[in-house]
Each structure stands twice: as C-alpha cells, then as structure tokens.
Amino acid sequence: MAEETKKEGDYDFAEAEARILDFWEKKKIYAFDQKSKKKIFSIDTPPPTVSGKMHLGHAFMYSQMDFIARFHRMIGENVFYPFGTDDNGLPTERLVEKMNNVKSKSMDRGDFIELCLKTLKKITPRFVQDWKDIGVSADYDLYYSTIDKHCQKISQKSFIDLFKQGRVYKKDFPSLWCPECQTSIAQAELEDKEFGSLFSTLKFSVAGKTLGIATTRPELLPACVAVFVNPKDKRYKEIIGKRAKVPLFDFEVPIIADSSANMEKGTGVLMVCSYGDKYDAEAIARCKLEPKIVMNKDGSVNYGEYGGMKIKEARKKIIEDLKAQDLIIEQKSITHAVNVHDKCGTEIEILPTEQWFIKILDLKKKLIEQGKKINWHPDFMFKRYENWVNGLEWDWNISRDRHFGVPIPAWTCEKCRKVIVANESELPVDPIMTKKKCSCGGDAIGESKVFDTWQTSSITPQIAAALVSGIKIPYSVRCNAHDIIRTWDFYTITKSFLHENKTPWENMMVSGFVTLGGEKMSKSKGNVVEPQKIMETSGADGLRFWAASSKLGEDLDYQEKEIVSGKKFVTKIWNATKFVSQSLSQENVSFQGPKNPIKKREGFCGNKKPKKLEETDRLFLASLNKVIDSATGSFSDYEYSRAKQETMNFFWHVFCDNYLEIVKRRVYSGTKEEKESASYMLYQSLLAILKMMAPITPYITEEIYQNYFKKFEKDNSIHISSWPEKIKISEKKDDGSVLDLLLSVLGEVRMAKSKAQKSMKAEIVLSLEKEKIEKLKLVLEDLKGVVSAREIKTGSFSVEFL
C-alpha cells in the first residue's frame, strides 16, 4: 500500500492510536466494575496460544468479538471481558524448542520447564500488546495464563472431581500417537490431509495358493496378526479357518470370517495389523488376538534389517524387496485422506501406551442436548457440533507424554497399583516432586505425564470467574472460529455439564477463516498477511473495518480494497467533522490539544433541540432513526456486518453526499432559526454515526468524541457513553417517500449538470411535475438552494441553464 503524504490538519492514525490506547489504559475505560448493579455481559474468549505474534485469523475473530463487547458496554451493561493466554502443552513446547534450538526430550524435565517459563516471560508482553493495539477492549488487569498456579489449581481440581465421579480412568490401550511430538493425542486433534500413495496388492499364500491382499502400508506386514474375509463372500468360503503366509516375512496368521471385511474394497480380503487404524485395534481386541508392536514412539520400525528406519523409508525399501521377489500382483497410485496431528501435520500412528481418559462416549446424547440449549450464531454451526459428537469413537485422552504442562495430580502404588489423587488442600501440586505412601504400605510413584492443554482450556469460564466475584456460568457469550468447535467448544460444554450440569454460555458466536486467493494462509506457502503490517499502513481501524465486512461464520478472502475502504471512511468522517464543527458556531477558536487538531468553535451547539425543526432536517432525522433502530437490532443479533453496512450507507450517501450539501445554504446564510435547526441535525447525526461505528472503528470515533463532544456529553469516553436512541421527533408515514423523492430529484439535477459539463453551482431553472412539487412543498427552499435554482416551475422534468 503506497505511502500517503499527510497535510496539516489530517488525521495521523499512528500518533492518535498510540495516544488513545494510553488514555484507555490509564483511565481503565474497560475495567469490569465488581460493585456495579448493572446487568453483567460476560465473555469467555479463547486464550490465544502464545506463538510469537498475532496472526490475521486472530485479528479477524477477536475484532468481531470486540464489536459485540463494545456494543453491550454502550447499551449500559457491565462487561466482564478478561484476557488469558494459552501457554502450556505442545504448541508452547514447540515454540520454545524452535526459539532456543533445543529438544525437550533430550533435556532434563526441570531444566526444560524453567526454560519454557523464562521464554514465556520474555515474549508474552509483546504478544499481548498486539491485542491491545488492535483495540480489543478486554480488562487486561483480569489476566490468566493456563500454566499459572491459579489455572493449575482449578485444572487439577477438575480432574480430581471427575476421578471421584468415576469419570476418569487410566488404561494401557492402543492410543493415537504423534511420532513427531512423541505424545499421545485426542481424537479432536486429528485433521484429514490428502496424500498420494501406492495401493499394492500383495501375494499372501494359503496352502501354496496365492491370496491377493491390497494395502497402502506394507511396512506393517510384520505386524499382521490375522486375515479377515467376509462370511458372505463366496470367493473365500473354503479358506476360512486356514492359515495365510505373510509375504517377505514368511510367518502364518489365521484366516477369520468377519463382516468388517469390505467385499468391494481391493480383493475383499483384509489384513489386520497392530495397529494400522482404530478398526485394527477393535478387531484385535474383539478376536482376542496377540498384537505385535513393530513401531517405535519416534516413528521408526523395530524389525529385522529394516530396524531403525523411519516409517516411509521402511515402506519404500519393503516395496523394493517385494518387487524383487515377485510378491506384488498389482500396484496403482491413489490419493486418500490420512489422519494427521493438527499441531504439526505428522501422520498419526496407533501405539499401546498407558494414558488417562475421561469417559464421554456414554454421554453423546446428553451432550447434544446441552448443545441445543445454546443459541448458536450463525445457527447452522450447531450442526457442526452435533456431527462431531455423533462421530466420536474414543473417550477423551487427557494425558500427554511431554514435559511442559499442568501436572496430573495422581500417584500409582508400586505394590498394589492403586491410584491415589491429591487432596484439594495440596493444589497445585507436582506429583514428581511429592512422595506418597499407599494405604497398603507401598510407595506411590508420582505421575510424570501432564494434561492435554484442552483439559485446562475447557474450564476457562471457571478460571476467569475465579478472578472476581459474582460471575457464574452460563456466560453471556463465547466467540471462536469454527475450527475449534470440535475441541474447545465441545470440551467446555462437556466439563460444564459434568461439573455443574449447566451450559457454559447462553450464546455461541462462531467466526470463519481468513484466506488469500481462496487458500488457507500458511507460512510454508508464503501467503501470510501480517496484521501488524496492515496496522502500520492503515491503522487498527482500517483492519477492524475489514474484519466487519463478513458475516459471522463466513470465511473471508483477504482483499486490500476493504482495508482501503476503512481508511477512506476514517478520512471522510474526520473531514465531515471539520465541516460540521465549522458550521456550528460563530467564532473560530483553535483546539489546543492533540496533534493535528480540528478547529472547534465556541458554543459548539446543536446538542439542544430547537423550538422549530425545519422539515428537511426532520426528514433526515427520521431516516437516521431508522438506521439507529436497525443497527441496534443488528448488533443485538450479532449481525455487526449488517449494522456497519446500514450505517455506512447513511453516512456516505445520505449524510455526506446529500445532507451536508443541502444544509450549506442555511448554515452560511440562513436565519437564526434555520441555523439552529441545521445545527441540531448536524450534531445529532454526527454523534449517532460516531456511536454506531464506535464498536467497529474505536480509535477515530474516540478522537472525534474527545475533541468535540466530550465537553457537552460529559462521558469520559465514547465507549462508555450511551448507545444512540431514536431522536424524539414527530414522524409521518410518507417521510421515507418524501426524502427519497428529494434525493432523487437532486441526483437527476446533478446528472444533468454533469452531462452538460456545468459546475454544480451553475444557476438553473428547474421544472418538476405538479404532483412532485406538491409532495416536496415543505422542502422546496432547501431544494432550490442545493441545486442553485432561481425558480422551480411546474412541468415535465427539465433543467434550464441561465
């Protein structure tokens, strides 16, 4: 975006935004008032993962949440808007590893935790500053970190309570495992990713005869424990109960009749391995087969000459060896969806490990019912939640084989294997650092695993509520992007149900993704747009204006033109205010305040209703009332984009393009009564526009309010002033049609002058149909003034130049 040369009196957003942000912080404009009797509007926001700096998706979603927060503050509610950061678990570990060029698994646990805490202390203030800079109106004094002692205590208490309910269990079980992060993960952390692969039909043999079996994972041949055929498949009826020899590795496995074998896939014969997928794990357990574990936790294999090779390397070598021994019947290239870890993109394996789980599969119907009690905005997002719950196949794995995280407050007796959990008075506790004795007399070993970050983030409503008094669930609203419905939203609904039998929020506000050229932004693709750079050239208001251009739940393709539109609005409302200020009094007085001052006048009047309201002003105020009414309803329904669109239409096309031109004659040469009426309309309209745009563009609206309106309105900030109410005027049924006609005639005259290449000030004689003159009879003087008409005659529409 090209640099613009600023003139004296222009709005300098860089200077103004820094100064205004400092004003907000010093005056604690957004502080939650614990003593207030006002209705509380409570917000549960996703604590952003500390990742170095805010990305554009953050700016998009948090801006949208802030539009709603600011609106509710202005309608007189006591907004509880804490701010937290998510800084434990895998994302933080990976960031610390990258920043410090280390690997957690190669470090002492205590040393790595110390390094994590030291790194977070260094980077978190700058990270949080991005949210402040963009204008997120949280109460930053109400802050939590998901790794701090406050959060650890509440997270550990949640675990203990659920353990006592019988909801928590520990089991050595085939679990989802990430070889890159070297930890177990939950189903919610899986993503599907398309990969190219070879679908190879291999030569198994039964009693010397070839049995073709197709697979994409020949590296699991040594882990084969059985072959399944469908009992309805007549092709294989004769071999059921016999044994098949595994190619290349020359051991035999039983052939079992099982309906899970898909007769239409490949050859219809299924190779059961430990473990290719969840269905393998289920089949092995169901048939009481003995698993063979051939994968190491680091993603290497542990058999024969292939030992130590990574999975893909072993796959390639085994295919070569199968070809060399003529053990491949057919091969074809395919593309298929594979489960990957959402944190690193690595393909997932299934390995038997001892993990902690929360039992949830028996609650699916109840959790769907809980979801139905919440108002989803947009409402179709509930379907995503419902589909996720219906598709659950695993209980919630809450343990991670990592160093940095909230410790699991449990010990296991070496002698009798009894699990002992901490007393609440001990919390927060690190069991590795605390010894326990079992009632049987045996030593209890502290759990070395830590919680999955969602185990803690799922109780953010309780964590935030504990910072103050008077806050309980359900909160008024939560906001997040649609990609974490399956994680943060689902887990929070689950926890609130299990602990309090309540929903965590009354409303759920779901935003979309930001794309570039239709593609998801990614550093690896080189298509990342940084919000910090946008703010450097266009200000936070420009970025927020862009974020308000899409409806909730809709993905938005980033286009600079909407940022430019935001800048144009800021410039236009600044210049419109200068005109209004010059129109509202008699003597210029320079405003001795911020840099780039607007000129203001003594007796900046218009805040008091005149004795007589000119008809044109009344019509425009009636139009303004409709916008106020509509914008109020739109914000109340979380439709901020519609509120912005309606306000912008009034500001640009009604107020600036038309009213400011119409009113100039009365402002400069009208009678005292005419000027007073114009002043009232100008003051009320501009103030209402500022207030309706304040949630979206908080900086420019605050600057104008402080310079011009604070003296008369008294509130310390526009953001704690009252939301505009409809102006009390007499209204008529045909007000809208009269104003539309006035603006239509004005537009036609302008078009005629432009076509004739005449100045807009060129004098004319205007002819209008009789019925139009009759309808416009009370505003004809303003019409004559704005079109420079010496006379308005009856007749067909025509413009005669003098």
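Residues numbered from 1 in each chain as written. Predicted model: local features only at pLDDT ≥ 70, side-chain atom pairs only at ≥ 80, totals over all residues. Heavy atoms only, no water.

(A) How the structure looks around the sheet that holds strand E15 (residues 375-377). Judged by pairing direction, the sheet is parallel, and its five strands sit side by side in the order E2-E1-E23-E24-E15 without closing on themselves. Each edge of the open sheet carries a strand with a single partner, namely strand E2 (78-80) and E15. Between one strand axis and the next, the sheet turns by 20 degrees as a mean value, whatever way the strands run. In terms of strand pairing, strand E1 (residues 40-44) meets strand E23 (residues 475-481) through two bridges, oriented parallel. The partner of aspartate 44 across the bridge, within E23, is arginine 478. (Pairing = 2+ DSSP bridges. Helix = DSSP H or I, 4+ residues; strand = E, 2+ residues; numbered from the N terminus. Axes fitted to C-alpha atoms, helices over the stretch in contact; angles between N-to-C directions.)

(B) Structural detail: helix H2 (residues 56-74). Along its 19 residues, H2 runs 27 Å from first to last C-alpha, staying within 8% of the 27 Å computed at 1.5 Å per residue. Judged by how many residues are buried, H2 sits mostly within the fold: 18 of 19 residues are covered. Phi turns positive one or two residues past the end of H2, at glycine 76, with a value near 95 degrees. (Expected span 1.5 Å × (residues − 1). Buried < 20%, exposed > 50% of the residue type's maximum accessible area, 1.4 Å probe, protein only.)

(C) Representation of the pattern of salt bridges within the structure. Here the structure, examined in full by the defined rule, presents 53 salt bridges. Across the salt bridge formed by glutamate 252 and arginine 243, the nearest N and O atoms sit 3.7 Å from each other. According to the relative accessible area criterion, arginine 243 is partly exposed, its value standing at 42%. For arginine 666, the salt bridge goes to aspartate 782, with nearest N and O atoms at 3.0 Å. Placement of arginine 666 in helix H16 (residues 640-669) and of aspartate 782 in helix H21 (residues 780-787) is noted, with a sequence separation of 116 residues between them. By relative accessible area, arginine 666 is classed as buried at 0%. According to the relative accessible area criterion, aspartate 782 is buried, its value standing at 6%. (Salt bridge = Lys/Arg side-chain N within 4 Å of Asp/Glu carboxyl O.)

(D) Main features of a negative patch on the surface. Taken together, the side chains of Glu191, Asp192, Glu194 and Asp483 present a region of like negative charge at the surface. You can see glutamate 194 is positioned in strand E7 (residues 190-206). (Patch = residues over 30% accessible without salt bridge, like charges linked within 9 Å, V, L, I, M, F, W, Y side chains within 5 Å. Areas by Shrake-Rupley, 256 points an atom, 1.4 Å probe, with all protein chains shown as cover. Lys, Arg positive; Asp, Glu negative; His and termini not counted. Charge placed at Lys NZ, Arg CZ, Asp CG, Glu CD.)

(E) Broad picture of the pairing of E23. Counting buried residues in E23 gives seven out of seven residues, a clear majority hidden from the surface. Bridge count for E23 against strand E24 (residues 505-511) is six bridges, and the pairing is parallel. Pairing of asparagine 480 across the sheet is with valine 510, part of E24. Considered for its hand, the β-α-β crossover made up of E23, helix H12 (residues 485-500) and E24 is right-handed. (Right-handed = clockwise from strand over helix to strand, strands pointing away.)

(F) Expanded view of empty space enclosed by the protein. In the structure shown here, the tally under the stated rule is four cavities of 30 Å³ or more. When its volume is computed, the largest cavity comes out at roughly 60 Å³. Lining the largest cavity, in full, are Gly89, Leu90, Pro91, Glu189, Lys343, Arg400, Arg402, Phe404, Val450, Phe451, Asp452 and Thr453. Among the elements of the structure, helix H3 (90-100) and strand E22 (450-451) are those that each provide at least two residues to the lining of the largest cavity. Looking at the lining of the largest cavity residue by residue, the class counts come to five nonpolar, two polar and five charged. In this structure, the second largest cavity occupies an estimated 50 Å³ of space. Lining the second largest cavity are Ala186, Gln187, Ala188, Ile360, Trp388, Leu392, Trp394, Asp395, Trp396, Phe490 and Tyr491. Partitioned by chemical class, the residues of the lining of the second largest cavity number nine nonpolar, one polar and one charged. (1 Å grid on protein atoms, 1.4 Å probe; cavity = no way out; pocket = protein on both sides within 12 Å on 5 of 7 lines; lining within 4 Å. Points joined across faces, edges and corners; volume = space filled by probe spheres on them. Nonpolar A, V, L, I, M, F, W, Y, C, P; charged D, E, K, R; others polar.)

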